[in-house]
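Residues per chain are reported as follows:
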Amino acid sequence: MRGLEYRHTRSVRFFHWWNGIAMILLALTGFYIHTPHGFPIFPSMDIARKIHFICMYAVAAGVIGRLYYAFITRDSKNFRLRSADFGNMIGLMKYYLFISDELPDFGEKYNPGQKMMYLAFVPLVIIQGFTGFILYWPTTFNHWATVFGGMHVMRIVHYIVAWIFVYCIAAHLYLDFSEGLANIAGMITGYRPKDFHGHEKKREAGVLPAGTEKTAKG
């Protein structure tokens, strides 16, 4: 398509929406399970727990599938952290906090914040699944709860990680909508305007060297 770049493959889009929807349902059912009277959006605790566990298995399958896809297609290189990424976070935060009008040209498919968030997603899902099983079957997994400080610690860890996911989802939605509808449409159609952040025009004007921003595929 003229003026557009193919940014997200069909598989990437599928796993994005699969995991995103499952994570939102996990958060909603989790809030209900924690405070059923303060968050009455499900007809019963039994239904909320069933949806919660179904979505947990869905997220686990989605993460495994996405990792498999990343390695067999070499898409994993897009998530590789570089030493410069930590310094580049300052420019990224200035842009999204409206302190700066320019988003730095990182020359990669994902910016440092996206890479850090995506890389943290896997261990956090493992922690959440581990503590979730212990809380659901306390008698069966009592030994593991004892090893890691007891059932109370498991509840605290599960609760904290749940809030981390909620904040990540909220930040993700905020950043997407602040970028505009073209960015959101890109995760539906796979295509996004080539000059989305104005880097193409800057290169033509000689402000940026050619080749600093690559057409990302994966």
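Structure shown above.
Residues numbered from 1 in each chain as written. Predicted model: local features only at pLDDT ≥ 70, side-chain atom pairs only at ≥ 80, totals over all residues. Heavy atoms only, no water.

*Asks:* For the packing of helix 1 (residues 10-34) against helix 6 (residues 151-179), give the residues involved together with the corresponding values.
*Replies:* Viewed as axis vectors pointing N to C, helix 1 and helix 6 meet at an angle of 130°, and their least axial separation amounts to 11 Å. Between helix 1 and helix 6, the angle is such that the two are oblique. As helix 1 packs across helix 6, the resulting crossing turns out to be left-handed. Of the residues in helix 6, those touching helix 1 at His 16, Met 23, Ile 24, Ala 27, Phe 31 and His 34 are Tyr 159, Trp 163, Phe 165, Val 166, Ile 169 and His 172. Taken together, the residues that form the contact of helix 1 with helix 6 break down as 9 nonpolar, 3 polar and no charged. (Axes fitted to C-alpha atoms, helices over the stretch in contact; angles between N-to-C directions. Helix = DSSP H or I, 4+ residues; strand = E, 2+ residues; numbered from the N terminus. Parallel < 35°, antiparallel > 145°, perpendicular 65-115°, else oblique. Left-handed = near helix turned anticlockwise from the far one by under 90°. Contact = heavy atoms within 4.5 Å. Nonpolar A, V, L, I, M, F, W, Y, C, P; charged D, E, K, R; others polar.)

*Asks:* Describe helix 1, naming the residues involved and giving the relevant values.
*Replies:* An ideal rise of 1.5 Å per residue puts 36 Å on 25 residues; helix 1 measures up with 36 Å between its terminal C-alpha atoms. Within the span of helix 1, buried status applies to Val 12, Arg 13, Phe 15, Asn 19, Ala 22, Met 23, Leu 26, Thr 29 and Tyr 32. On its buried face, helix 1 is in contact with strand 1 (4-6), helix 2 (45-72), helix 4 (112-136), helix 6 and helix 7 (181-189). (Expected span 1.5 Å × (residues − 1). Buried < 20%, exposed > 50% of the residue type's maximum accessible area, 1.4 Å probe, protein only.)

*Asks:* How would you explain the environment of Ile 134 if you had to name every residue and give the values?
*Replies:* In this fold, Ile 134 is placed in helix 4. Expressed as a C-alpha distance, the spacing of Ile 134 and Arg 155, which sit 21 residues apart in the sequence, is 9.2 Å. Beyond its immediate sequence surroundings of up to four residues, Ile 134 is in contact with Phe 141, Trp 144, Ala 145, Met 151 and Met 154.

*Asks:* Any details on helix 6? Residues and values, ideally.
*Replies:* Look at helix 6: 42 Å from first C-alpha to last across 29 residues, which is about the 42 Å you get at 1.5 Å a residue. Two residues or fewer past helix 6, Gly 180 is found with a positive phi of approximately 110°.

*Asks:* How would you summarise the packing of helix 1 against helix 7 if you had to cite specific residues and measurements?
*Replies:* Two numbers describe how helix 1 lies on helix 7: the axes approach to 8 Å, and their chain directions differ by 110°. By the criterion of interaxial angle, the relationship of helix 1 to helix 7 is roughly perpendicular. Taken together, the residues of helix 7 that come into contact with helix 1 (itself represented by Arg 13, His 16 and Trp 17) are Gly 186, Met 187, Ile 188 and Thr 189. For the contact of helix 1 with helix 7, the class distribution of residues is 3 nonpolar, 3 polar and 1 charged.

*Asks:* Account for unusual backbone geometry, naming residues and giving values.
*Replies:* The phi dihedral of Arg 74 falls on the positive side, at around 65°, and the residue is not glycine. Along the chain, the position of Arg 74 falls in the loop between helix 2 and helix 3 (83-96). The exposed category is assigned to Arg 74, whose relative accessible area is 63%. At Phe 98, a residue that is not glycine, the phi angle is positive and equals roughly 65°.

*Asks:* For the pattern of salt bridges, give the residues involved together with the corresponding values.
*Replies:* Under the definition given, this model contains 6 salt bridges. The salt bridge partner of Glu 108 is Arg 82, with a shortest N-O separation of 3.4 Å. In this pair, Glu 108 is assigned in the loop between helix 3 and helix 4 and Arg 82 in the loop between helix 2 and helix 3, connecting sequence segments 26 residues apart. Exposure remark for Arg 82: the relative accessible area of 35% places this residue in the partly exposed category. A salt bridge links Lys 115 to Asp 85; its shortest N-O distance comes to 2.8 Å. In this pair, Lys 115 sits in helix 4 while Asp 85 sits in helix 3, placing the two residues 30 residues apart along the sequence. (Salt bridge = Lys/Arg side-chain N within 4 Å of Asp/Glu carboxyl O.)

*Asks:* Describe the nonpolar core, naming the residues involved and giving the relevant values.
*Replies:* Judged by nonpolar contacts, the single largest core of 13 residues is most densely connected at Ala 22, Met 23, Leu 26, Val 59, Val 125 and Phe 165. Elements supplying a minimum of two residues to this core: helix 1, helix 2, helix 4 and helix 6. Of the residues forming this core, the biggest block, 6 residues, is contributed by helix 2. Excluding residues that lie within four positions of it along the chain, Leu 26 makes contacts with His 52, Cys 55, Met 56 and Val 59. Counting 6 residues, the second largest nonpolar core, distinct from the first, contains Leu 92, Tyr 96, Leu 103 and Phe 106. (Core = buried A, V, L, I, M, F, W, Y, C linked by side-chain atoms within 4.5 Å.)

*Asks:* Give me a nonpolar patch on the surface: which residues, what numbers.
*Replies:* On the surface, Trp 17, Ile 21, Ile 24, Leu 25, Leu 28, Ile 41 and Ile 188 cluster together to form a nonpolar patch covering roughly 600 Å² of accessible area. Looking at the nonpolar patch, the element that brings in the most residues is helix 1, giving 5 residues. Tracing the backbone shows Ile 24 in helix 1. (Patch = residues over 30% accessible without salt bridge, like charges linked within 9 Å, V, L, I, M, F, W, Y side chains within 5 Å. Areas by Shrake-Rupley, 256 points an atom, 1.4 Å probe, with all protein chains shown as cover.)

Honestly, that's just the spatial picture; any functional story needs more than this.
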